[in-house]
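Descriptive structure summary
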Amino acid sequence: MAGIYIHIPFCKQACSYCDFYFLTRQQLREPFLEALLKEIYAYKETPYTSEIITSVYLGGGTPSLLNEKQLTSIFTALDEVFKLDPVEVTMELNPDDVTADYLNMIRKLGVNRASMGVQSFQEEILTFMHRAHSREEALNALDLLKKEDFPAFTADLIYGNPGQTPAMLKADIEQLLAFNPPHISAYSLTVEPKTRLGRQVDLGRITPPDDEEVAAHFDLVHTLLGSAGIFQYEVSNFAKPGKEAVHNSSYWTHENYLGFGPSAHSFWRDGHEAKRWKNKPDIKQYIEKKPDEFTDEIELLDKRTLAEERIMLGLRMVKGISEDNLQKSYQFKFSEKQLEWIDLQEEKEMLTFKNGNLKLTTAGLKLSDMLVVDLLSKGD
Ligand code: SF4
């Protein structure tokens, strides 16, 4: 079982906080598409096509800028090269691109899960984020998903925005809950250095909320979603039971995936060998060079690195990681020092370690990055 990720690097405008790889110039869309198809077809009859593809994810950028012909060519190429039997085909949509016809078109192409980039329903926050859509467009897009009976959807929310009060966040969550979403991704606003937001923070024009305010926002998200039956299953992801994302879960559990398009990552483990590689975030090279020339160096991953990654990713999930799995898959055992640290954190109620299953508590998940670094630093 494996997944496929396709990065569509075009956006209408640059959101102030975003550090993904994207371009706002649209002229290169057709040459990009040709290069993308070339990259997909380059996999034909390679060992990577032996596994059944159980999830496909079109992300970006803004995949919903692509038209029917362009999307059809991508799905046709995937179908001709890989053994597709996906339980989940997700496509990121920006609310301002969504119409009933567009939803029906992507559904006919096999997309069965829409990932709606809502972020907020407050005009002032959308303006601060420099999003291309308005509150009305977000409401309309979610409404259309319901009216058109789209099989599944998720919506993104961003909390911890400067000037965002708990009341504003509560209004956003309640507005979203009115659409009965099966899944929500909620992220705290991150200030990335090379973004417009990063520059404004550097210049002192914007002051992000402090950690306590952000933690209070997270608590609000956690409580309100939990009371609506939408439970946290990963640091930033919440779902009704059984509606967890298949594709993203495969990243956290080390399943194989192939990434296409500039900046896309791939991970492949075959028997004893595991490797990761990344396409350069450079559309010019992507268009001009041969598929094997725009890949950054392949990184070979040894068992220890894999085990540490698995711990890092697994502890982001509410269900945690099993000692048994670490032992069987990576011949990894916690060191004495790590076991002592685990005992200590258990006393502090940051984690639990029962029947060989290590998982962070809700309090621990808020500090997951720090805790994981601490745990790994105690390895032999
Ligand atoms: S639409 Fe998405 S990918 Fe594009 S700039 Fe905004 S956040 Fe980034």
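Residues numbered from 1 in each chain as written. Predicted model: local features only at pLDDT ≥ 70, side-chain atom pairs only at ≥ 80, totals over all residues. Heavy atoms only, no water.

**Here's the deal with the site of the ligand**
The full set of residues close to the ligand is C11, Q13, C15, Y17, C18, F22, G60, G61, T62, N94 and R131. Classifying every residue of the shell around the ligand gives five nonpolar, five polar and one charged. (Near = heavy atom within 4 Å. Nonpolar A, V, L, I, M, F, W, Y, C, P; charged D, E, K, R; others polar.)

**Points about the domain arrangement of the chain**
Assigned domains within the chain: domain 1 (2–249) and domain 2 (320–380). For domain 1 and domain 2, the distance between their C-alpha centroids amounts to 31 Å. Carbon and sulfur atoms supply 67% of the area that domain 1 and domain 2 bury against each other, a total of about 390 Å² over both sides. Looking only at domain 1, the three residues that lose the most surface to domain 2 are F218, Q232 and V235, adding up to 66% of its buried area. The tally of links between domain 1 and domain 2 comes to one salt bridge. (Domains from an automatic or database assignment. Buried area = accessible area lost by both parts, 1.4 Å probe. Salt bridge = Lys/Arg side-chain N within 4 Å of Asp/Glu carboxyl O.)

**Some thoughts on a negative patch on the surface**
On the surface, a cluster of negative charge is contributed by E336, E340, D343, E347 and D380. Positionally, E347 belongs in helix α13 (residues 336–347). Judged by relative accessible area, which is 67%, E347 ranks as exposed. (Patch = residues over 30% accessible without salt bridge, like charges linked within 9 Å, V, L, I, M, F, W, Y side chains within 5 Å. Areas by Shrake-Rupley, 256 points an atom, 1.4 Å probe, with all protein chains shown as cover. Lys, Arg positive; Asp, Glu negative; His and termini not counted. Charge placed at Lys NZ, Arg CZ, Asp CG, Glu CD. Helix = DSSP H or I, 4+ residues; strand = E, 2+ residues; numbered from the N terminus. Buried < 20%, exposed > 50% of the residue type's maximum accessible area, 1.4 Å probe, protein only.)

**Looking at the pattern of salt bridges**
A full pass over the atoms with the stated rule returns 13 salt bridges. Taking the shortest distance from any N to any O, the salt bridge between D143 and K147 comes out at 3.2 Å. Taken together, the positions of D143 and K147, both in helix α5 (residues 135–147) and four residues apart, correspond to about one turn of that helix. With its nearest N and O atoms 3.8 Å apart, the salt bridge here joins D374 to K378.

**Concerning the sheet that holds strand β15 (residues 357–360)**
Across a sheet, strands are paired by hydrogen bonds formed along the backbone, either parallel or antiparallel in direction. Pairing within the open sheet is antiparallel, and its three strands lie in the order β13-β15-β14. The open sheet has two edge strands, β13 (321–322) and β14 (351–354), and neither has a second partner. The strands that α13 touches are β14 and β15; relative to β14, the one it contacts most, it runs at about 120°. (Pairing = 2+ DSSP bridges. Contact = heavy atoms within 4.5 Å. Axes fitted to C-alpha atoms, helices over the stretch in contact; angles between N-to-C directions.)

**So, the packing of aromatic side chains**
Taken as a whole, this structure holds 16 aromatic pairs when the rule is applied. With a centroid separation of 5.5 Å and an interplanar angle of 70°, the aromatic rings of Y43 and Y48 are classed as edge-to-face. Each member of the pair, Y43 as well as Y48, is classed as buried. Here F82 and F260 contribute two aromatic rings whose centre-to-centre distance is 6.1 Å and whose plane-to-plane angle is 70°, an arrangement assigned as edge-to-face. Placement of the pair is F82 in the loop between α2 (68–81) and β3 (83–93) and F260 in strand β9 (residues 256–260), with a sequence separation of 178 residues. By relative accessible area, which is 0% here, F260 ends up buried. Among the aromatic side chains, those forming a connected cluster through ring pairs are Y43, Y48, F82, F260, W268 and W277. (Phe/Tyr/Trp six-rings, centres within 6.5 Å; stacked < 30°, edge-to-face > 60°.)

**Some thoughts on the environment of N237**
In this fold, N237 is placed in strand β8 (residues 237–239). Residue N237 is classed as buried on the basis of its relative accessible area of 3%. Considering only alpha carbons, one finds N237 and R276, 39 residues apart in sequence, at a separation of 24 Å. For N237, the contacting residues outside a window of four places in its chain are H183, I184, S185, F231, Q232 and W252. There is a polar contact of 2.6 Å between the side chain of N237 and the side chain of S185. (Polar contact = N/O pair within 3.5 Å; in protein donor to acceptor, adjacent residues only side chain to side chain.)

**Quick look at the packing of helix α1 (residues 29–41) against α2**
Relative orientation of the contacting elements α1 and α2 amounts to 10°, with a least axis distance of 9 Å. In terms of orientation, α1 and α2 fall into the roughly parallel class. Here α1 contributes R29, E30, L33, L36, L37, I40 and Y41 to the contact with α2, which in turn contributes Q70, S73, I74, T76, A77, L78, E80 and V81. Taken together, the residues of the contact of α1 with α2 break down into nine nonpolar, three polar and three charged. (Parallel < 35°, antiparallel > 145°, perpendicular 65-115°, else oblique.)

**Points about unusual backbone geometry**
Cis rather than trans, the peptide bond between G60 and G61 has omega equal to 20°. One can find G61 in the loop between β2 (52–60) and α2. Here the phi dihedral of E45 falls at roughly 60°; this positive angle occurs in a residue that is not glycine. Note that E45 resides in the loop between α1 and β2. When its relative accessible area of 73% is taken as the criterion, E45 is described as exposed.

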